[in-house]
Amino acid sequence: MSRKAPLVRLILVAGAFLVFMPHSQALYNYNENCRNAYEAILSLRFSEAEKLIRIEKKTVPENLVPVYLENFIDFLVLIIGEERAEYDQLKRKKAGRVSILEKDRDDSPLSCFCLGEVHLQWALARLKFGDYATAAIEIHKAHDLFTENKQRHPSFLVNKMGLGVIQVMASLIPDNYKWIGSLIGLQGSMSLGMSEIRQVAEYSGNDEITKMYKPQASFFLVFLTLNLQKNKKDALTLLPLFNMETARNQQLKSPLMIFARATVLMKNGQNDEALAVLRERFTVSNTFPFPYLDYLEGIARLNRLDDSASFYFEHFLAGFHGRNYIRSAGQKLAWIAILRGDTVSYNHLISQLPVKGAAIVDEDKQAGYEALRKSLPNVILLRARLLFDGGYYNLAINELLNTSLKITVKSKGDLVEYNYRLGRIYHETGNYTKAIENYQQAIQRGKTEPYYFAASAALQLGLLYENTGAYQKADNAYHVCLSIDTPEYKTSLHQKAKAGLSRLKMLQPKT
């Protein structure tokens, strides 16, 4: 026998062993490690989550849930931090993760869900950084995956959260981006989207995965209700959703949940309660920095005319390296100066705004327009505005009514704002007759002026009529809002008017 025979036999035996040896098979298992990592991520305790993910990848290397969890961390880093360099670096990881998840898809409902979530998270991140075309493609992919999952696993409720978010997003696409809707192949439905998210947020069953995702769905539901629905008080009624089971109470003090709770309270004129919630962030540690909470505290303090707000705006500007709310924070520092009577500091601060940050969100755009006007704000109207925003309605109306109109109003723009401010106060305090009268005056006097007051008055008039059942008048008011091409707050005002018209289609009887 040839001396090579034993070697050949050894190679054949080894080859057969390798062929028939059981291979590790990819799986999607939301085990304790992964559940704890997810909850840590939602609480922005990224270091803790990354440690748990490393342990899981080492002990159960075939589990692919950690691939999705790593992407979730990157998504929140980008959404909160807004750093372009970080975006350029992290987006390179997306293709590799998708490749792994696509290669090892199985019949588990988590397979399509995790892959769909990765696409949706990156779509939202790309929208944040202005990469609209790629975002549209990824929304389309996410929608297909969630739809496939719904067909194959109709009882997998968490899937509705992603589908709901996409439905709402598609329903709000601006006219100049309608091609995105065509690419997605979806017109979108706000009511359907909100209903699907609500099913997850209000789930009361025993499925552990659905229970785990309730806080995230609640976050979406609260913010969409606050910004898109007819009544901000509806968002207030949803805050109890954040009061979770004892095992997850630490998430109540997550910076994300503090942000949500404080924002809802502030929008409902509960400024002091919002400040109490914002202080809770100092009771938690080892979380990813969330500088926007400093900006929010600055706003809340300024709303009660507390000039200690300057500390929080300055802290925000020092700690934030993104693009949004930079100009707005600078504007608020300028306001603090003018409220003190320091016109020199106001002019210096406001003149710096056009070279700082970006003009993407409405607050920054409005700050930029104020800088371009190169005129001092009307201090009486500014004080009334801030007090109103804080819910201090009696103090706000005293600013307007206890000062002579000749002293308060110094221009046509002042008169339009004066009517608008009175309309807002009367609206919130239930004096609808005077609210309607002042809104109509603001619209008539300001519809051709370069300020947002007329458009905002039309929106508020639409909301008032809608909430009192005068649907045809509401329809007319929303269309008036859309007809006013205001440079300030145009995006949000027109978006909310379109949302109002969408709701009216569901409310008005069909003929």
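What counts, and at which threshold
- Residues numbered from 1 in each chain as written.
- Predicted model: local features only at pLDDT ≥ 70, side-chain atom pairs only at ≥ 80, totals over all residues.
- Heavy atoms only, no water.
- Helix = DSSP H or I, 4+ residues; strand = E, 2+ residues; numbered from the N terminus.
- Buried < 20%, exposed > 50% of the residue type's maximum accessible area, 1.4 Å probe, protein only.
- Areas by Shrake-Rupley, 256 points an atom, 1.4 Å probe, with all protein chains shown as cover.
- Contact = heavy atoms within 4.5 Å.
- Phe/Tyr/Trp six-rings, centres within 6.5 Å; stacked < 30°, edge-to-face > 60°.
- Lys NZ or Arg CZ within 6 Å of the ring centre and 35° of its normal.
- Core = buried A, V, L, I, M, F, W, Y, C linked by side-chain atoms within 4.5 Å.
- Salt bridge = Lys/Arg side-chain N within 4 Å of Asp/Glu carboxyl O.
- Polar contact = N/O pair within 3.5 Å; in protein donor to acceptor, adjacent residues only side chain to side chain.
- pLDDT = per-residue confidence, 0-100.
- Axes fitted to C-alpha atoms, helices over the stretch in contact; angles between N-to-C directions.
- Parallel < 35°, antiparallel > 145°, perpendicular 65-115°, else oblique.
- Left-handed = near helix turned anticlockwise from the far one by under 90°.
- Expected span 1.5 Å × (residues − 1).
- Disulfide = S-S within 2.5 Å.
- Nonpolar A, V, L, I, M, F, W, Y, C, P; charged D, E, K, R; others polar.

**Student:** Which residues make up the overall build of the chain, and what values do they have?
**Tutor:** In terms of regular secondary structure, the chain is built from 28 helices and 0 strands. Burial analysis of the chain (511 residues in total) assigns 53% to the buried set. Surface accessibility of the chain: about 23700 Å² in total, with carbon and sulfur atoms responsible for 54%.

**Student:** Now, about the side chain of Ser-111: what can you tell me, with residues and values included?
**Tutor:** By the element assignment, Ser-111 lies in helix α7 (residues 109-128). Judged by relative accessible area, Ser-111 falls into the buried class, the value being 0%. Among all residues touching Ser-111, those that are not within four sequence positions of it are Tyr-28, Arg-105 and Asp-106.

**Student:** I'd love a proper account of the packing of aromatic side chains, names of residues and values included.
**Tutor:** Tallying each qualifying case throughout the model produces 32 aromatic pairs. Ring plane angle 85° and centroid distance 5.0 Å describe the contact between Phe-311 and Tyr-312, whose orientation is recorded as edge-to-face. Classification of Phe-311 as partly exposed rests on a relative accessible area of 49%. Overall, the relative accessible area of 10% leaves Tyr-312 in the buried class. Every member of this aromatic cluster is reached through a ring pair, and the members are Phe-219, Phe-220, Phe-223, Phe-259, Phe-290, Tyr-292, Tyr-295, Phe-313, Phe-316, Phe-320 and Tyr-325. Positioned above the aromatic ring of Trp-335 is the side chain of Lys-332, whose terminal nitrogen or guanidinium carbon lies 4.8 Å from the ring centre.

**Student:** Tell me about the nonpolar core, residues and numbers included.
**Tutor:** In this structure, Tyr-30, Tyr-68, Leu-69 and Tyr-213 are the most contacted members of the largest nonpolar core, which totals 121 residues. Counting 42 residues, the second-largest nonpolar core is a separate cluster that includes Ile-443, Ala-474, Tyr-478 and Leu-504.

**Student:** Run through the pattern of salt bridges, naming residues and quoting values.
**Tutor:** Under the counting rule described, the total for this entry stands at 32 salt bridges. In this structure, the salt-bridge partner of Lys-150 is Glu-196, at a minimum N-O distance of 3.8 Å. Of the two residues, Lys-150 is situated in helix α8 (residues 132-152) and Glu-196 in helix α11 (residues 190-201); the sequence distance between them amounts to 46 residues. Where Glu-449 meets Lys-412, a salt bridge forms, and the shortest distance between an N and an O atom there is 3.4 Å.

**Student:** Explain the side chain of Thr-486 to me, and be specific about the residues and the numbers.
**Tutor:** Within the fold, Thr-486 resides in the loop between α27 (471-483) and α28 (490-507). Here the side chain of Thr-486 touches Glu-488 through a polar contact of 3.2 Å, landing on its backbone oxygen.

**Student:** Any details on the confidence of the model for the chain? Residues and values, ideally.
**Tutor:** Per-chain confidence: the chain averages 89 in pLDDT, with 90% of residues scoring 70 or above. Predicted confidence in the chain is weakest over helix α1 (residues 5-20), with a mean pLDDT of 38, and strongest over helix α16 (residues 292-303), with 98. A low-confidence stretch, residues 1-24 (pLDDT under 50), is modelled with 2 contacts involving residues beyond four sequence positions or located in other chains.

**Student:** Quick rundown of the environment of Pro-354? Include the residues and the values.
**Tutor:** Tracing the backbone through its elements, the reader meets Pro-354 in the loop between α19 (343-351) and α20 (362-373). For Pro-354 and Tyr-369, which are 15 residues apart along the polypeptide, the C-alpha to C-alpha distance reads 9.0 Å.

**Student:** So what's going on with the packing of helix α21 (residues 379-389) against helix α24 (residues 412-428)? Which residues, and what values?
**Tutor:** Contact geometry of α21 with α24 gives a least axis separation of 11 Å together with a crossing angle of 25°. Between α21 and α24, the angle is such that the two are roughly parallel. In the crossing of α21 with α24, the sense of the turn from one axis to the other is left-handed. Only Asp-414, Glu-417, Tyr-418, Arg-421, Arg-424, Ile-425 and Glu-428 of α24 make contact with α21, whose side of the interface consists of Leu-381, Arg-385 and Phe-388.

**Student:** Explain unusual backbone geometry to me, and be specific about the residues and the numbers.
**Tutor:** Unlike most non-glycine residues, Leu-44 shows phi in positive territory, near 65°. With respect to the helices and strands, Leu-44 occurs in the loop between α2 (32-42) and α3 (46-59). Using a relative accessible area of 0% as the deciding quantity, one classes Leu-44 as buried. A positive phi angle, near 60°, is found at Asn-286, a position not held by glycine. Considering the arrangement of structural elements, one finds Asn-286 in the loop between α15 (271-279) and α16. A residue is classified by how much of its surface remains accessible, and Asn-286, at 67% relative accessible area, is exposed.

**Student:** How would you sum up α3? Please name residues and give values.
**Tutor:** With 14 residues, α3 extends 20 Å between its outermost C-alpha atoms, agreeing within 8% with the 20 Å of an ideal straight helix rising 1.5 Å per residue. Here the buried face of α3 lies against α2 and α4 (65-81).

**Student:** Go over the state of the cysteines, please, and point to the residues and values.
**Tutor:** All chains considered together, the criterion is met by 0 disulfides. No disulfide involves Cys-34; its nearest neighbouring cysteine sulfur is the one of Cys-114, lying 9.0 Å away. Judged by its relative accessible area of 0%, Cys-114 falls in the buried class.

**Student:** Report on helix α18 (residues 326-339), specifying residues and quantitative values.
**Tutor:** Taking 1.5 Å as the rise per residue, α18 with 14 residues should run 20 Å; its terminal C-alpha atoms sit 20 Å apart, in good agreement. Of all 14 residues in α18, 13 are buried; the element is thus mostly enclosed. Positive backbone phi, approximately 85°, marks Gly-341, located one or two places after α18.

**Student:** An account of the packing of α4 against α7 is requested, with residue identities and associated values reported.
**Tutor:** Two measures define how a pair of helices packs: the angle their axes make with one another and the distance between the axes. Here α4 crosses α7 at 15°, and the two axes come no closer than 10 Å. Relative to α7, the element α4 lies roughly parallel. Note on packing geometry: the crossing formed by α4 with α7 is left-handed. Contacts between α4 and α7 pair Tyr-68, Asn-71, Phe-72, Phe-75, Leu-78 and Ile-79 from the former with Phe-113, Cys-114, Glu-117, Val-118, Gln-121, Trp-122, Leu-124, Ala-125 and Lys-128 from the latter. A class-by-class count of the residues in the contact of α4 with α7 yields 11 nonpolar, 2 polar and 2 charged.

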